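Take a look at the letters that make up each chain.
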Amino acid sequence: MLKTDKAQQFILDTERVRWSAGIDKTGPVVVLFVGIHGNEAAGIAAVDRIAQTLNREPGKLRGSVYAITGNLGALVQGVRYIDADLNRIWEMYNTRKDFSRMNGAKQPAEFSESLGIKKAIEQILARHEKSASDFIFADLHTTSSQSCAFLLLNDTLANRAIARKFPLPQILGIEENIQGTLLSYVNNLGYRALGFEAGAHYDDLSVKRSEAFLWLLLHYTGILELNGQEINEFEKMIQAQAGVPDTYYEILHHKLVDDPEKFEMMSGFENFDQIEKDTPLAYEEGRLIKAPISGRIFMPLYQKKGHDGFLIIREVSEFWLELSSYFRNSFVHTLLKYLPGVTVASRQSFEVDLRIARFLVKDIFHLLGYRVTEKDEYMLICYKR
Ligand SMILES: [Zn+2]
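Here the residue numbers are simple positions, counted from 1 along each chain's written sequence. Thresholds applied to this predicted model are a pLDDT of at least 70 for local features of residues and 80 or more for the giving and counting of side-chain atom pairs; totals over whole chains, interfaces and linings are not thresholded and use all residues.

Draft legend 1. Structural context of helix α6 (residues 182-189). Of all 8 residues that make up α6, 6 are buried, and the element is covered over most of its length. Exposure in this text rests on C-beta crowding, where 20 or more other C-beta atoms within 10 Å of a residue's own make it buried, 12 or fewer make it exposed, and counts in between make it partly exposed. The C-beta atoms are placed from the backbone. Helix numbers and strand numbers start at the N terminus; a helix is a DSSP run of H or I with at least 4 residues, a strand a run of E with at least 2. For α6, every residue scored as buried is listed here: L182, L183, S184, Y185, V186 and N187. Residues of α6 that are buried make contact with β4 (28-34), β6 (134-143), β7 (150-153), α5 (174-177) and β9 (192-200). Trailing α6 by a residue or two, G190 shows a phi angle of about 105°, which is positive. Two residues qualify as a contact pair if the distance between their C-beta atoms, derived from the backbone, is within 7 Å.

Draft legend 2. Examining the pairing of strand β17 (residues 342-346) more closely. Sheet topology note: the β17/strand β18 (residues 349-353) ladder contains 4 bridges and is antiparallel. Bridged to V342 within β18 is V352. Here a strand pair is declared whenever DSSP counts at least two bridges between the two strands.

Draft legend 3. Molecular detail of the domain arrangement of the protein. An automatic or database domain assignment is the source of the domain bounds shown. The domains assigned to the protein are domain 1 (2-238), domain 2 (251-315) and domain 3 (327-384). Counting residues at the interface gives 15 residues for domain 1 and 16 residues for domain 2. Here the side of domain 1 that touches domain 2 is built from residues that sort into 6 nonpolar, 7 polar and 2 charged. Each residue is assigned to one of three groups, with Ala, Val, Leu, Ile, Met, Phe, Trp, Tyr, Cys and Pro labelled nonpolar, Asp, Glu, Lys and Arg labelled charged, and all others, Gly among them, labelled polar.

Draft legend 4. Local environment of the sheet that holds strand β11 (residues 263-265). If you trace the 3 strands from one edge of the open sheet to the other, you get β11-β13-β14, paired in antiparallel fashion. Two strands bound the open sheet, and with one partner strand each, they are β11 and β14 (287-290). Across the sheet, the mean angle separating the axes of adjacent strands is 30° when strand polarity is ignored. Note on method: axes are straight lines fitted to C-alpha atoms, helices fitted across the in-contact stretch only, with angles between N-to-C directions ranging 0 to 180 degrees.

Draft legend 5. A look at unusual backbone geometry. Phi at D278 takes a positive value of approximately 75°, unusual for a residue other than glycine. With respect to the secondary-structure elements, D278 resides in the loop between β12 (274-275) and β13 (280-284). The class of D278 is exposed, set by 11 C-beta atoms lying within 10 Å. For M299, which is not glycine, the phi dihedral falls at a positive 50°. Structurally, M299 is set in the loop between β15 (295-298) and β16 (308-315). For M299, a count of 26 C-beta atoms within 10 Å translates into the label buried.

Draft legend 6. Spatial organisation of the packing of helix α7 (residues 204-220) against helix α8 (residues 228-238). Relative orientation of the contacting elements α7 and α8 amounts to 135°, with a least axis distance of 8 Å. Classified by the angle their axes make, α7 and α8 are oblique. Judged by the twist between their axes, the crossing of α7 over α8 is left-handed. Together, K208, R209, A212, F213, W215, L216 and H219 of α7 and I231, F234, E235, M237 and I238 of α8 make up the contact between the two elements. Counted by class, the contact of α7 with α8 contains 8 nonpolar, 1 polar and 3 charged residues. Working rule for angles: under 35 degrees goes down as roughly parallel, over 145 as roughly antiparallel, 65 to 115 as roughly perpendicular, anything else as oblique. By definition, turning the near helix anticlockwise from the far helix through less than a right angle yields a left-handed crossing, and turning it clockwise yields a right-handed one.

Pasting the structure below:
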């Protein structure tokens, strides 16, 4: 079904755009993504609950809210995805890779889903670009393991500023380990984007936490005003369990899985559980996989779809983070090319030869706000964010 705003000839696909409200062209614009994975419906239920409340009081909003539905086909079937993970393919819009021919000659179902989402984003941007005070995007997910709620963000100062308002563990630099996410795509368009993970897929709490997160997001972006009691109540609802500080975390290790059918995570791991080096974690093709380092287990894979077996994360010190925000706008960038093993690749990037570069080179680039990815065994590419 199509809904037309006559004054603007603004046509929204109402199957893709599940909810829109406010539509005050001058205020902030919040764009929500729900159901990007078809087995994660908590965000959809939360959006419906908020929509029901707010549709009764349309005058309450000082800005606009849109909720875009992700994988329509996979949601019908209740599966994560049909042919390709819809949250791993967004790099195709920044590269020349011909995604339409992935999986042999067959075009994955998720290709047209991504086009539908992209179109909705472009329509919303076009409508508000000239007048909106601000755009904020949030992508709502759940996990296959038991988990408290947490935020995922690409490590830019703008993302950190909005994320910091929530009393939640915040995982930085996800874009270095997991490529092609919708969040990275939105960040590359130049907008702030947060990933909210509410808890386990089928846990009722995941719906309640998603709803609390959305109310707080609308409040913190200035679209509506909650009173002190409401803020307390919603913050309490999303707060992490004892033992998981609501600070920043960085990703230290990422276990990639070729064939999820041959990967078996040992039972009983919850997100953020502390683990020691050499703790047995999983079996892959009959081989025992142990933790290569100590830290906290993150997003252990308890479903047969997806290629991220588990990650290991660790808290980042406040000192390091403050230092890094101080340096990001400084002249130090011009000196990087003098480090051993570092060459200028473009105006925005450097290459680092690990055979020459000394200890800490990667940390220095992180500190200065670069995204560090591996080009091959010996080379890193560092992009300025
Ligand atoms: Zn997800």
